[in-house]
Structure formats: C-alpha cells, structure tokens
Amino acid sequence: AASSDKPKYTGMSPDEVALVTAAQQAGVTFERRNRLSGGINEIEIRDHTGKEHKFEVPVLLQFNSDRKRMSTIVRSGGKAWCMTKGADSVMEPLIAGGFPEAAEKDILKFSKIGLRVLVVAARELEEGWFQGWLARYQQARGILDDTKEDKIKEVVAEMETDLRFVGLTAVEDRLQDGVPEAIETVKQAGSRVWVLTGDKTETAVDIGYSCNLFTNTTKLVYCTGCESEEEAVESLKRAETELQGAQDGGLVIDGRTLLVALQHQECRGLIFTLGIASRACVCTRLSPMQKLQLVQLVREADSRRITLAIGDGANDVPMILGGHVGIGVRGKEGAAAVQVCDVAISQFRFLVPLLLCHGRRSYRRVAVFFCYYLYKNFVLLMADLVWMHWDNFRGNIAFPEYLSIAFNAFFTSWHVLFVLGFDSDVPDSVSCSHPELYKVGPARQLFGPLIFAKWVAYAVLHGTVAWLVPFALVGTKDYGTKQFWISSTAAFTNVIHIVCLKMIIVAENPFGRVTLLPSFGAWFMFVAYLWGLGYTALGWSVQPDMKYVPENILTKGDVFGTLLLGPVIALCIDMAERLNQRYLYPTDLQKAEFEYKQGLNGVAQQQGRPLDGPSSVLDAKQAPPLTADPGQEGTVRAPECVRMEPLRQIGCVNQEDEEEVNLSLKENVDPPVSIIGK
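Basis of the calculations
- Residues numbered from 1 in each chain as written.
- Predicted model: local features only at pLDDT ≥ 70, side-chain atom pairs only at ≥ 80, totals over all residues.
- Heavy atoms only, no water.
- Helix = DSSP H or I, 4+ residues; strand = E, 2+ residues; numbered from the N terminus.
- Buried < 20%, exposed > 50% of the residue type's maximum accessible area, 1.4 Å probe, protein only.
- Contact = heavy atoms within 4.5 Å.
- Areas by Shrake-Rupley, 256 points an atom, 1.4 Å probe, with all protein chains shown as cover.
- Axes fitted to C-alpha atoms, helices over the stretch in contact; angles between N-to-C directions.
- Parallel < 35°, antiparallel > 145°, perpendicular 65-115°, else oblique.
- Left-handed = near helix turned anticlockwise from the far one by under 90°.
- Nonpolar A, V, L, I, M, F, W, Y, C, P; charged D, E, K, R; others polar.
- pLDDT = per-residue confidence, 0-100.
- Phe/Tyr/Trp six-rings, centres within 6.5 Å; stacked < 30°, edge-to-face > 60°.

Some remarks on the overall build of the protein chain
Part 1: Per the secondary structure count, the protein chain includes 26 helices and 16 strands.
Part 2: Across the 678 residues in the protein chain, those meeting the buried criterion constitute 44%.
Part 3: Look at the contacts in the protein chain between residues 6 or more apart in sequence, and 66% of them connect residues 24 or more apart.
Part 4: Taken as a whole, the protein chain presents about 34,800 Å² of accessible surface, with 56% of it coming from carbon and sulfur.

Focus: the packing of helix α19 (residues 482-506) against helix α23 (residues 557-583)
Part 1: Close contact between α19 and α23 brings their axes to 9 Å; oriented N to C, the two are set at 30°. As far as their axial angle goes, α23 and α19 are roughly parallel. Taken as a pair, α19 and α23 cross one another with a handedness that is right-handed. Contact with α19, carried on its side by Ile486, Ala490, Thr493, Asn494, His497, Ile498, Leu501, Lys502, Ile505 and Val506, involves Val559, Thr562, Leu563, Gly566, Pro567, Ala570, Leu571, Asp574, Met575 and Arg578 of α23 and no other residues of that element.
Part 2: Tallied by class, the residues present in the contact of α19 with α23 amount to 12 nonpolar, five polar and three charged.

Re the confidence of the model for the protein chain
Part 1: On average, residues of the protein chain score 83 in pLDDT, and 87% of them are at 70 or above.
Part 2: Here residues 609-647 is modelled with pLDDT under 50, and outside its nearest four sequence neighbours on either side it reaches 81 contacts, counting other chains as well.
Part 3: Residue range residues 652-678 is modelled with pLDDT below 50. Its contacts to residues more than four positions away, or to other chains, number 39 contacts.

Considerations on the packing of aromatic side chains
Part 1: Evaluation of the coordinates by the stated rule reveals 35 aromatic pairs.
Part 2: A ring pair is formed by Tyr372 and Trp455, whose centres lie 6.5 Å apart and whose planes are at 85°; its orientation type is edge-to-face. Residue Tyr372 is found in helix α14 (residues 351-390), and its partner Trp455 is found in helix α18 (residues 449-473); the two are separated by 83 residues along the sequence. As far as the burial class goes, Tyr372 and Trp455 line up, both buried.
Part 3: Centre to centre, the rings of Phe399 and Phe492 are 5.3 Å apart; their planes meet at 70°, and the pair counts as edge-to-face. Here the residue Phe399 occupies a position in the loop between α14 and α15 (401-411), and Phe492 occupies one in helix α19, the gap between them amounting to 93 residues. Take Phe399 and Phe492: they sit in the same class, and that class is buried.

Quick look at the structure:
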C-alpha cells in the first residue's frame, strides 16, 4: 500500500519490506508493479531526481526451503541482470571469489547481535545466452513426468553462478511482545523447549538469551561443524559428559552436524538423551525436513512424550504436521502455517493461556469424561452380574427393560457434558501465574492404568451395593413377583443416585450451580420417566410390571430407606478418600485454589462482607489485597496466588485491569502504605 506522501510497503518477507523502505528513505522509491501480457511483470522506480525508470521482470525464481535463496531476472534498456539474495552459507559458493574480508566480518558482527543477514549478489547476462537459458527453463517447466523438479533445479543452477557480490542486508528479527515471559512460563510448566531455526548459530544463540530460552546460569554445550559420523558421535558424547549434573543445561547443534547425525542410530539416541538432559535446545541452519526429522526422532525415541510444534512460516509446515499438536502463529510469514495447524493463535504469548488454561482444563474434562462414562456402565453391569449369579444364569433380566434402555440416553449421559463443560477450578489469572498446575497433564495424573483401575474398582463396589442393599432388606428372589420388581426398581434407583452423586464428588465445584443443576435435572428426568411407566396407559402397555411400583417405593418406609442407605454405604469410601486427599494431601491445584479463596475472604472481611459470601465469581479484578512487606517500610507486595507482572507480560491482565485492582485495594490499606508499580 502507498500514498502520495509516505509510501507504506507490505510483503511476505520482512527483509524485502525493510530493503524497499530503506531505499525509499535514500531517495529511490518503488512506485508500482504492472502486469503485462505473457506473464511478465513491470516495475516502476523513481530515483532521487524524480525521474522514473521501468524494469521488466520476465522470470522470478522463487525461494524455497532447499535453495534458501531467490533470484529475479530484470531487463531494461536492452540489458538483462540476474539479482539473487539468500543466506550467506548458500550464497558464498555462488559468488565468484567468495565474500570480501570486510563482508565476512560484518556477517559475523551482525549475527552476534541477533540480526538476520542476507547476501545480495548479481550478474549481467548476455542477451544470446539468456534467450537460450530462457528456452531451456520454459521447456523444463513443461515437463509432465517425475523428472520435472530435478530438471528445473538443474536449469536454475546455470543461472545462479559466477555472481558478483553486491552487499548485505541485516534486519532485526524483533520478538513479539511477551515472548520471553511466555517461554519462561512454559519452561516452568515442565516443558522442554527446542528452537528449530534456519538462522546462523550466533544469531540463534543471541535470540535464545533475549527470549529467556537461555539465562546467565545456563551451561551451554555446542555440537557444531561435524562432517562425519565419528566427529558427530565424539561431539555428542562430549556434550553428554559436560551436561551431567547440570541443573540448567542448554544444547546448541547445527544443521551440518544433524545432516550426518540423523542418519545413524547411535547419534539419534544421543541427540534425544541430550535434549532431555537439557532444559532448552537450539538447532540452527535447519531445513524444513530436518525440523520434521527432529520431531519424529522424539516421537520414535519415547512414545510417551507429547510433542507440540509451533511456527509461523511455510518453512515450519512439515514440523507442524509432524508434531502431536501443531500450532500456527498468524504473522508476516504468510498463512501456510495457519492453514495446516490444529490451533491458530495471533501472537506467541497466547500460547500460555492456551496451554495453562484451555489445555489443562481440556485434559481434565476428557480424562474424567472417559473414566466416568465407563464407570457408570460398569455400575449397572455389576448389578446385573450379581442378579445373574443369584438366578443361576437362567437368562432372566435384573431390571425392567425400559429402565435399562433409558439409562444412558436420559439419566446419566447428558448432564455430564454440562457439568464437565462448565466446571471450573481457578481463574485464568491464577492458572497463568502458577505454571506448575500444568504438570498434571504431562505426569498423567488424571488418566492411566492405575487411575482407570480405581474407577473400575469403585464401579464394582457401587454396583454390588446398589443391588444388595434393597434385596437384602426388602427383596425376594422369586422372579416376576410384585415384590421382586419393587426391589429391582429400588436397586436401579440406587444406581442412578450413586452415579449422579459420584459426578458431584469428582467435580471441582461440587456445590456450584453448574454441577448441581444438571445433576438435579437428570434426577428429575428419571423421576418423571418412572412416573410415566407406573401411572400412564402408555407405560403400562410397554412395561406392565411397573404398574404402581413407584408408589410402593415411596410409601413403604423400609423400601424408601434402602434408597438412602444404599448411596451412603456405596459412597462412604469415595467421600473419605476425597476429604483425606483434599485436606491432608492437597494437590498443587487445590493449594492454589485455597490461597486464592483466602485472598477473596480477606477482601470480603475488610469490606464488611460475610466471609461465606459468594466466591464462585473468579476474576482477576477480585484479587486479594496487597500486604505490607516485612522489613521494607512503605511498600506493599502482591500475594503469591496472583502475581501481576507475569500476567501483564502474557496479556492475561492489562493495565486498566491492574489499575482497577489497585484502586479497589488502596481503600483497604493503611494510609502510610503506598502502592508501587502504578
């Protein structure tokens, strides 16, 4: 886009935009691009004197991940030139005589300060040679078999040779807001971060320090410049020795080393071992396929490891597709990454709430849903199994058919979606400021063989108790009698009560509206269904054994007592375990929730509200009051449960929210105490 006063350029590559903008500031302005017949582009440029120049672009040799360069053929005034730009490692062999000594020093200097360096070179083309080359290029593009790509590559290589060094471009690869804080938070959550990049080693390491991937205490080891398997093995083993015992280790490995290392099994094992031994790893000068190979290496080395690949450009597409979860960042590198990813985000810092809030809660929902869904069916099955043993496997059913049919469809399935879908633990602000809460997922604390076995064991106990209590107190084994169906219906009612109460017990907010309302809704649906079978003509026609059975259950005290006694006996162990775990061995989540609610109660007490007032509205603006810091007169500090600084950096709390929190808290602080960080 451009205006008559100050042109504003946009493009796929920030390097190109920076180059054109710099040229405009120097007096050489790119005006417009015109499309001519035959697929030829024409560009118009105005020099510092105001004179316009037109250049034809008959051929554009696009950048790709293998070539790591692009070329433009331009013609003007009967002459033609090939202009090429690309990474210094690729361009050096193509330039006649190599880089000048001053250029090599500048490349190293720019790389060390974190700038992205590209080399620009050119050559003038003879008209006769160019026409012959153009004919071969068009012929190669017209090939229809599998040799097309190789032939185009061969013809393009003829053009990009014997180039003359023109200059360098060094562009700051500026980090987005909140990237250092986001990476630090992800590391604190227990994730190992590998940065796979095509930048030079010096540039990548400098960016690693600037984004908190590495710190001043990080022990860095390098595996770079290896040309053979022996060198790679020796370098990797030396790095393994240096990282032994390091609490904060970092690994740097380049594409040249990986080129030989990934082809040998011993080196692959060493790379994985080093990656796990270090807190962070930077792999430089990588092609897109090498990025994919590293992701596959982790997945093959340990199937229990979950890989998340995040990128913003076309070079990251294979890596994104190779990870268990692929995340695309919308940016200036095009939309290729967003189009193939599982989740798209607008900025890198949004990775923190995506993982620590949405990801952690989604893991819990899926784990509890899966276990609960099988559990409730096992409960019903166990009641059937007990009756089958009593009946000597004669094939008689334990429950009325139309009760069993509706068990999943109406009584025990739909309310679970509402409970788990809307159940919440701590607000996003607390979740983002406590990255350790995320570790519940990687540690598989909510789903695994032992967890599933415990659910099954409870199902066996609950189903057995649900059947035995009514039949032991008021039941009979005389199949088909009125008393049998009364006891059978009472046992089925116990099953409904037990599985609904179990959902309430495992919910994070057992007494919240999002838990109680769906559970009561499922129970009332069961009561209405039971009434329809026992007191309507339709119910009598499809289930004659249920005629007036509900009345006998509710009016007979001994039968009604089994409806109360059964769930108490069945769930007493569950309640004891839940209370013991919550108050004697609380999880990190329960500790954070307790701290947060204590802070809310402190605010309520100072403002004159009852301590048992509503505390289910969890919002960052209801943060607990700032407390005086002992030993530092006149200052206050935020409580541990809500740390404002990380939340500001990752975008969970903005300045307006923080000012509102501070203003609301200022009234509750003694006058001599001032608030810092305003």
